[in-house]
Amino acid sequence: MSTSAIQNVRFAGVSACVPREVRKNEDFDLISPEERQKLIQTTGIANRRVAAEGQCTSDLCYSAAEALLEDLQWNRDEVDAVVLVTQSADYTVPATAPILQDRLRLPKGCLALDINLGCSGYTYGLQVVGSLLSAGKLRKGLLLVGDTPSKTVSPRDRSSATIFGDAGAATALESKDGATMYFDFGSDGSGYEAIMIPDGGLRNPVGEESLVMTEVSEGITRNRCQLILDGVEVFNFSIREVPKTVRSLMTFANRTVEDVDAFVFHQANLFMNDLIRKKLKLPAEKVPYTLRDYGNTSSASIPLTIVSELRNDILTRKMALVLCGFGVGLSWATSYVETEGISCPPIVEV
Amino acid sequence: MPGTAEEFVRNFENAIEGIEPGSLSPDTEYATIEQWDSLAALSVLAMVDAEYDTEISGNELRKCRTLQDLFGVIQSKKQ
């Protein structure tokens, strides 16, 4: 099975939070000014947000969740589940979701757990929280997603330092009769090495070698506790799987391109995203981007793009959205959701 | 069938910005092309996907030297 329909769950609201500090790719002096311009043009990424020292993903998610709960006017005692999707947890142990349960003043009866996924994580998270609520016992759930890749990427790695930005987001789901969300999803762990941090887990514990900075190729110097991004493998994977999952989802949900108001893709880079858009023959006006100002923000990129680019529409009319996350794992998930009268506070900066 | 090596060379030239049509041959070592960089590589992969409906892996891209080698990879996958 690679599709599922989740019934009686409503998409109630979404919010996003970014750190205040802006880094500009035009200032990335590891490469020449000409190369910087070409990079900005190709990736579509001019600016990235960077978390301050000591500012974690959970802090960004906390602020996003506070803004959303405030706007929704939810009684916090009624929140039954909080799920955090991140690859930049506060600690190795314990999970970060219980810490956020307490910090957000959610009840002790709340189910709280972390999910270790990145770029595909938002749509996976929707599916997990949606499934929990669909069973009928839990009524309200919060999905928190985000990462601070700036802390795990080598600043001397041109392939990743110029791509990733930090962000967190919160999404509210609640039980409601009649509402249906559709999903198509998959995993391909044979490609696990394409995006990875090799050392620091228990397979390769941190040792002396882990922190040695090594020039892997021109413009790419990093250590084994920093992120590897194999551009060719990720590119092949994305143009192979993403059009397939979107088509499969549309067939499963019985929707055409005309039925959908916006297709919000994980924001990887403009070259690849636009190629995917063209393969799917989607009109440019239905495919919003936030790459220019926020870069690739991992699991936060879809909700951040919704809040940044679709907020006016989403606040004023019913919207049909296709959301597609893909990347590290390798994994992918696509969802069809409808929104009406939802909460969507402006982007929070902290 | 994936066509001829000469056609592949034309597609390769078209895929990369700034390459003069007719300036490359099957024997050209692509790493020596002035315009060859990571973007050029991705542009070629996009072309291979669009024109040949297959893919060349990172490993294959590192192992091959000439355009003929790359075309050989495509041929082997289309058999």
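Bear in mind the structure is a predicted one, so any value in this text is a computation, not a measurement.

### Remarks on the overall build of chain B
(1) Moving on: Within chain B, the secondary structure is distributed over 4 helices and 0 strands.
(2) Moving on: Along the chain direction, N to C, the helices and strands of chain B fall in the order α-α-α-α.
(3) Moving on: The C-alpha atoms of chain B give 11 Å as radius of gyration, which agrees with the globular expectation for 79 residues (12 Å, within 12%).
(4) Moving on: Dimensions of chain B along its principal axes, counting C-alpha atoms only, are 30 × 25 × 20 Å.
(5) Moving on: Counting every position in chain B, which comprises 79 residues, the buried fraction comes to 19%.
(6) Moving on: Taking as baseline every contact in chain B between residues at least 6 positions apart, the subset at least 24 positions apart corresponds to 55%.

### With respect to the overall build of chain A
(1) Moving on: Secondary structure summary: chain A contains 8 helices and 15 strands in total.
(2) Moving on: Relative to a compact globule of 350 residues, whose C-alpha radius of gyration would be 20 Å, chain A shows 19 Å and is just as compact.
(3) Moving on: Residue pairs at least 24 apart in sequence account for 80% of intrachain contacts in chain A once pairs closer than 6 positions are excluded.

### Quick word on the interface of chain A and chain B
(1) Moving on: Counting residues at the interface gives 11 residues for chain A and 11 residues for chain B.
(2) Moving on: Counting residues per element, the ones that place at least two in the side of chain A that touches chain B are helix H5 (231–253) and helix H6 (270–279) of chain A.
(3) Moving on: Per-element accounting of the side of chain A that touches chain B gives the leading share, 7 residues, to H5(A).

### Here we look at the nonpolar core
(1) Moving on: Core analysis: the largest hydrophobic core is formed by 117 residues, its most contacted members being Ala64(A), Ala65(A), Val82(A) and Leu144(A).
(2) Moving on: Excluding anything up to four places from it in sequence, Leu144(A) contacts Cys61(A), Ala65(A), Val82(A), Val83(A), Leu84(A), Leu100(A), Gly168(A) and Ala170(A).

### Examining the confidence of the model for chain B
Residue and element names in this part refer to chain B.
(1) Moving on: When the pLDDT values of chain B are averaged, the result is 90; 99% of them are 70 or greater.
(2) Moving on: Confidence scores differ between elements of chain B, with helix H3 (residues 58–63) showing the lowest mean pLDDT of 90 and helix H1 (residues 5–15) the highest of 93.
(3) Moving on: If you check the scores for this complex, the pTM reads 0.94 and the ipTM reads 0.86.

### Re helix H4 (residues 67–78) of chain B
Residues and elements named next belong to chain B.
(1) Moving on: Taking 1.5 Å per residue as the helical rise, H4 with its 12 residues ought to reach 16 Å, and the 17 Å between its terminal C-alpha atoms agrees with that figure.
(2) Moving on: For H4, the set of buried residues is Leu67, Leu70, Phe71 and Ile74. For H4, the angular spread of the buried residues around the axis is 100°, confining them to a single face.
(3) Moving on: Each element contacted by the buried residues of H4 is listed here: H1 and helix H2 (38–52).

### Brief notes about unusual backbone geometry
Most of the time, phi is negative for any residue but glycine, and the peptide bond is trans.
Residues and elements named next belong to chain A.
(1) Moving on: For the bond from Val93 to Pro94, the omega torsion is 5°, close enough to zero to count as cis.
(2) Moving on: Mapped onto the elements, Pro94 comes out in the loop between strand E4 (79–85) and helix H3 (97–103).
(3) Moving on: Even without glycine at this site, Arg105 takes up a positive phi of about 60°.
(4) Moving on: In this fold, Arg105 is placed in the loop between H3 and strand E5 (111–115).

### Overview of the pairing of strand E14 (residues 331–339) of chain A
All names here are of chain A.
(1) Moving on: Counting buried residues in E14 gives 8 out of 9 residues, a clear majority hidden from the surface.
(2) Moving on: Bridge analysis of strand E7 (residues 167–187) against E14 gives 6 bridges, and the strand direction is antiparallel. Bridge pairing in E14 links Tyr182 to Tyr336.
(3) Moving on: One ladder, built from 9 bridges, connects strand E13 (residues 319–327) with E14; its direction is antiparallel. Considered in E14, the bridge of Gly327 is made with Ser331.

### A short note on the packing of H1(B) against H2(B)
All names here are of chain B.
(1) Moving on: Two elements in contact, H1 and H2, have axes separated by 9 Å at closest approach and are oriented at 130°. Here H1 lies oblique to H2, going by the angle between them. With respect to the hand of their crossing, H1 and H2 are arranged in right-handed fashion. Residues Asn11, Phe12 and Ala15 of H1 pack against Ser43, Val44, Met47 and Glu51 of H2.
(2) Moving on: Looking at the contact of H1 with H2 residue by residue, the class counts come to 4 nonpolar, 2 polar and 1 charged.

### Side note on the environment of Ala167(A)
All names here are of chain A.
(1) Moving on: Assignment of secondary structure puts Ala167 in strand E7.
(2) Moving on: Taking the C-beta count within 10 Å as the criterion, Ala167 has 33 such neighbours and is therefore assigned buried.
(3) Moving on: Considered as a pair, Ala167 and Ala300 are 133 residues apart in the sequence and their alpha carbons are 5.9 Å apart.

### Details of the pairing of E4(A)
Both faces of the sheet carry side chains from a regular strand, because those side chains alternate between them.
All names here are of chain A.
(1) Moving on: The buried fraction of E4 is high, at 7 of 7 residues.
(2) Moving on: One ladder, built from 6 bridges, connects E4 with strand E6 (residues 140–147); its direction is parallel. Note on E6: the bridge partner recorded for Val83 is Leu143.
(3) Moving on: When E4 meets E5, the two strands line up parallel, connected through 5 bridges. Opposite Val85, over in E5, you have Ile115 as the bridge partner.
(4) Moving on: The parallel pair E4 and E5, bridged by H3, forms a crossover whose chirality is right-handed.

Conventions we followed
Residue positions are counted from 1 within each chain, in the order its sequence is given. Chains and ligands are labelled sequentially in the order written, the chains with letters from A and the ligands with numbers from 1. Given that the model is predicted, a residue must reach a pLDDT of at least 70 before its local features are reported, and side-chain atom pairs must reach 80 or more before they are shown or counted; all residues, however, enter totals for whole chains, interfaces and linings. A run of DSSP states H or I qualifies as a helix once it reaches four residues; a run of E qualifies as a strand once it reaches two. Both are numbered from the N-terminal end. All radius of gyration figures rest on C-alpha atoms, and the globule criterion is 2.2 Å times the number of residues raised to 0.38. Exposed residues have 12 or fewer other C-beta atoms within 10 Å of their own C-beta, buried residues have 20 or more, and partly exposed residues fall in between, where C-beta atoms are placed from the backbone. The contact criterion used here is simple: two residues whose C-beta atoms, placed from the backbone, lie within 7 Å are in contact. We define a nonpolar core as a collection of buried residues of the types Ala, Val, Leu, Ile, Met, Phe, Trp, Tyr and Cys that are connected via C-beta atoms lying within 7 Å of each other. Think of pLDDT as the predictor's per-residue confidence, scored from 0 to 100. What a helix is expected to span follows from its residue count: subtract one and scale by 1.5 Å. What the arc covers is the set of directions going from the helix axis to the C-beta atoms. Only strands joined by at least two bridges in the DSSP assignment are considered to pair. Where helices are involved, their axes are fitted lines through C-alpha atoms of the stretch in contact, as for all axes, and angles between N-to-C directions lie from 0 to 180°. Orientation is classified from the angle alone, with under 35 degrees giving roughly parallel, over 145 giving roughly antiparallel, 65 to 115 giving roughly perpendicular, and any other angle giving oblique. By definition, turning the near helix anticlockwise from the far helix through less than a right angle yields a left-handed crossing, and turning it clockwise yields a right-handed one. For this classification, Asp, Glu, Lys and Arg are treated as charged, while Ala, Val, Leu, Ile, Met, Phe, Trp, Tyr, Cys and Pro are nonpolar and the rest, including Gly, are polar. Here, the term right-handed applies to a crossover whose path from the first strand over the helix to the second runs clockwise when the strands point away from the viewer.

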